[in-house]
Amino acid sequence: MDSGLTNGVLVPSADDKSVVGGGGVEDVYGEDSATEDQLVTPWTVSVASGYTLLRDPRFNKGLAFSENERDAHYLRGLLPPSVSCQELQEKRLMHNLRQYEVPLQRYIAMMDLQERNERLFYKLLIDNVEELLPVVYTPVVGEACQKYGSIFRRPQGLFISLKEKGKILEVLKNWPERSIQVIVVTDGERILGLGDLGCQGMGIPVGKLSLYTALGGVRPSACLPVTIDVGTNNEKLLNDEFYIGLRQKRATGQEYAELLHEFMCAVKQNYGEKILIQFEDFANHNAFELLAKYRTTHLVFNDDIQGTASVVLAGLIAALKLVGGTLADHSFLFLGAGEAGTGIAELIALEISKRTNIPVEETRKKIWLVDSKGLVVSSRKESLQHFKRPWAHEHEPVKELFDAVKAIKPTVLIGTSGVGKTFTKDVVEAMASFNEKPVIFALSNPTSQAECTAEEAYEWTKGRAIFASGSPFNPVEYNGKVFVPGQANNAYIFPGFGLGLIMSGTIRMHDDMLLAASEALAAQVTEENYAKGLIYPPLTNIREISARIAAKVAAKSYELGLASRLPRPKDLVKFAESCMYSPVYRNYL
Ligand SMILES: NC(=O)C1=CN([C@@H]2O[C@H](COP(=O)(O)OP(=O)(O)OC[C@H]3O[C@@H](n4cnc5c(N)ncnc54)[C@H](OP(=O)(O)O)[C@@H]3O)[C@@H](O)[C@H]2O)C=CC1
Ligand SMILES: CC(=O)C(=O)O
Ligand SMILES: [Mg+2]
């Protein structure tokens, strides 16, 4: 393929495989993944030069345009004379970001960068992942969603509201990118632990997809954030003059189901069988149903139910090295019996069943859940939602978590309630009274909703807890020793998991792929990490980790006959790495 620029027309450069399709899996798919037409990104055939080039975030390099590029692309005079390299731009941006004391200002600055210079945004995020993940993701994205209307600048995804009913296929065609590989969709009803944020939930698909690219290497142009707006029951938002969504109560029942069905059909019609659809932050009364309804006809994945389960199982497998025994030797108590709680519980039961050959109906018996009404027990069965019923074991009713802890004596306590401060001193001390090393996970997001803080977990257990949380906590010094809490967040899983599905051309998801992802993640924890009490590997290596997760997920998909990309690449880790998007600037000469 020819490279460079002719009369101001940018065409792909031969040394950069990321040009056609922007780098990533599409390049290696060949013909079976997309039509010829889809493979041609708009800029390869359109004039992009001068001022237009500077205004296009996909190609803009700002001061990093070289002298020759400035001449060739009619940029003379449009930029100050100085020429920077990408590293210097990164240094300057990090310096500027660190000046902002208000976290939301950092979020806004990052979003502005994403819309100004996409490659620099991803380079910055990848190179400073520990520092910037909390900005573009939890906890700050939570506040951003709460205030999304007042900080709204430009649409970063597709808004599909009840007004678009009957026209969703047309709406999808309005999106400028055509070869989409992954959609993250929300209806905004359960945004983190912050409740119904309606249309302003858009911050979540946008943030998750940034991670698909930064952590999993899926190219940005293949990612589509979608918010389905069926109204909101959040009175505060309905009365907020800056609210950006439909001002009506949520549509439910048939009206809701029809809109979602039209969306699911339109997506498949527009993007094909292998489009990955990740459901995110739906309320549980829709989440389980949507997953069950579409898992046989679409490539769907619910991150809150399944991704969370996989990351927590990985943490538990790793924790065994520190606490001893097998998973089957442990007992588990959850605060919160919704998507995350029952999703994790089921995957643990499945893993134990696979390892012991004990039927899953039996392995579930060592897992207990508490919801807002108390311990889930058999006498409540009739009134329980269907997803709680497998966990309604024989036991007398117990109202309070503290009493449940004393009655069950779990070795592992997991918070998925969405309610902060619910692991009280009494509860944590009780865990420490009958466990040498109590495993305590406070998974609720954002930080304000964490069941307890890292500091509380270490102090109340006198430094004996194996602790992880959904949102990050800083290291804690206790009794002269520094404890580094793990971050049990599905961000460890979904980017690599999705990459594995995409690169193998998987057509349907299978629970065994979640188990494979958990095992792959747990295997990345080194002896050095364990020595520091860590049960998750540091995020600094996340791209390497994602490649390994992707490889295991793809391998499982091939084994199950669900992968359509043939022949199977021999070395799946190398293949995953070769598929990953690189944010390094391209040469436009
Ligand atoms: N770390 C991570 O990667 C992830 C974290 N999460 C976090 O988990 C939390 C829950 O999410 P999700 O499972 O989807 O939400 P759901 O709404 O599906 O479930 C919440 C559960 O918590 C229960 N609950 C609520 N308040 C209390 C209380 N005071 N005491 C006891 N139980 C209570 C609810 O009870 P009832 O059923 O009776 O209403 C329900 O069973 C959120 O904060 C979310 O951010 C979610 C996904 C991933
Ligand atoms: C992390 C995540 O998916 C959640 O809190 O909902
Ligand atoms: Mg979520």
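Residues numbered from 1 in each chain as written. Chains lettered and ligands numbered in written order. Predicted model: local features only at pLDDT ≥ 70, side-chain atom pairs only at ≥ 80, totals over all residues. Heavy atoms only, no water.

In this section: the overall build of the protein. Each helix and strand in the protein was counted, giving 26 helices and 16 strands. Taken over the C-alpha trace, the protein has a radius of gyration of 24 Å; the compact-globule value for 589 residues is 25 Å, and the two agree within 12%. C-alpha atoms of the protein, sized along the principal axes, occupy 80 × 60 × 55 Å. Relative to its full complement of 589 residues, the protein shows a buried share of 62%. Counting contacts in the protein only where the partners sit at least 6 residues apart, residues at least 24 apart contribute 71% of the total. Summing over all exposed atoms, the protein offers an accessible surface of approximately 23500 Å²; the carbon and sulfur share of this is 52%. Placing the 63 positive and 71 negative side-chain charges of the protein at their respective mean positions leaves the two points 1 Å apart. (Helix = DSSP H or I, 4+ residues; strand = E, 2+ residues; numbered from the N terminus. Rg over C-alpha atoms; globule rule 2.2 N^0.38 Å. Buried < 20%, exposed > 50% of the residue type's maximum accessible area, 1.4 Å probe, protein only. Contact = heavy atoms within 4.5 Å. Areas by Shrake-Rupley, 256 points an atom, 1.4 Å probe, with all protein chains shown as cover. Lys, Arg positive; Asp, Glu negative; His and termini not counted. Charge placed at Lys NZ, Arg CZ, Asp CG, Glu CD.)

Quick look at the site of ligand 2 now. All residues adjacent to ligand 2 are Tyr137, Arg190, Leu192, Lys208, Glu280, Asp281, Asp303, Asp304, Asn445, Asn489 and Asn490. Take Glu280: an N or O atom from its side chain is 3.0 Å from an oxygen atom of ligand 2. Within the side chain of Asp304, a nitrogen or oxygen atom sits 3.0 Å from an oxygen atom of ligand 2. Using a 2 Å cut-off from the grid points, one finds that ligand 2 occupies the largest pocket. For the shell around ligand 2, a count of residues per class yields 2 nonpolar, 3 polar and 6 charged. (Near = heavy atom within 4 Å. Polar contact = N/O pair within 3.5 Å; in protein donor to acceptor, adjacent residues only side chain to side chain. 1 Å grid on protein atoms, 1.4 Å probe; cavity = no way out; pocket = protein on both sides within 12 Å on 5 of 7 lines; lining within 4 Å. Sits in = over half its atoms within 2 Å of the grid points. Nonpolar A, V, L, I, M, F, W, Y, C, P; charged D, E, K, R; others polar.)

Here we take up the site of ligand 1. Among the 26 residues in the neighbourhood of ligand 1, the closest are listed as Arg190, Asn284, Ala337, Ser372 and Lys388. A distance of 3.2 Å separates a nitrogen atom of ligand 1 from a polar backbone atom of Leu443. Isolated, ligand 1 exposes 930 Å² of accessible area, and the fraction of that covered by the protein chains is 84%. More than half of the atoms of ligand 1 fall within 2 Å of the grid points belonging to the largest pocket. For the shell around ligand 1, the secondary structure elements donating two or more residues are α16 (303–323) and α17 (339–356). Here the residues of the shell around ligand 1 sort into 7 nonpolar, 14 polar and 5 charged.

Looking now at the coordination of the magnesium ion (ligand 3). Looking at the magnesium ion (ligand 3), one finds its protein donor set to be Glu280 (OE), Asp281 (OD) and Asp304 (OD), positioned 2.1 Å from the metal centre. When the donors of the magnesium ion (ligand 3) are listed by position in the chain, the intervening gaps give E-D-x22-D. Here Glu280 falls in the buried class, since its relative accessible area comes to 1%. Among the residues examined, Asp281 registers a relative accessible area of 2% and is labelled buried. (Donors = N, O, S within 2.8 Å, 3.2 Å for Na, K, Ca; no water.)

Below, the discussion takes up the nonpolar core. If you look at the biggest cluster of nonpolar residues, it comprises 127 residues, and the most contacted ones within it are Tyr107, Leu316, Phe441 and Phe497. When residues in this core are grouped by element, the largest group, 11 residues, is from α16. Ile180, Ile183, Leu246 and Leu291 belong to the second-largest nonpolar core, a separate cluster that totals 36 residues. (Core = buried A, V, L, I, M, F, W, Y, C linked by side-chain atoms within 4.5 Å.)

As a further point, take the sheet that holds strand β8 (residues 332–335). Pairing is mixed in the open sheet, where 7 strands are placed in the order β10-β9-β8-β11-β12-β13-β16. A strand with exactly one partner marks an edge of an open sheet, and here the two such strands are β10 (374–375) and β16 (486–487). Two elements, β8 and strand β9 (residues 367–371), share 4 bridges in a ladder whose sense is parallel. Residue pairing in the sheet places Phe334 in a bridge with Leu369 of β9. Its contacts with the sheet put α16 on β8, β11 (412–415), β12 (439–442) and β13 (466–469), and the angle it makes with β12 is roughly 155°. (Pairing = 2+ DSSP bridges. Axes fitted to C-alpha atoms, helices over the stretch in contact; angles between N-to-C directions.)

Now for the environment of Arg55. With respect to the helices and strands, the residue Arg55 is situated in helix α3 (residues 50–55). Among the residues examined, Arg55 registers a relative accessible area of 53% and is labelled exposed. Along the chain, Arg55 and Asn117 lie 62 residues apart, while their C-alpha atoms are 8.7 Å from each other.

With that settled, consider the pairing of strand β5 (residues 223–229). In terms of burial, β5 is largely enclosed, as 7 of its 7 residues are buried. Of the two faces of β5, the one holding Cys223, Pro225, Thr227 and Asp229 and the one holding Leu224, Val226 and Ile228 are both buried throughout. With 5 bridges joining them, strand β4 (residues 182–186) and β5 adopt parallel strand pairing. For Ile183, the partnering residue across the bridge sits in β5 and is Leu224.

What follows covers the side chain of Thr232. Residue position: Thr232 is located in the loop between β5 and α13 (235–238). Given a relative accessible area of 0%, Thr232 falls into the buried group. Polar side-chain contacts of Thr232 include one of 2.9 Å to the side chain of Asp196. Excluding residues within four positions of it along the chain, Thr232 makes contact with Asp196, Gly198, Leu238, Tyr243, Gln248, Lys249 and Arg250.

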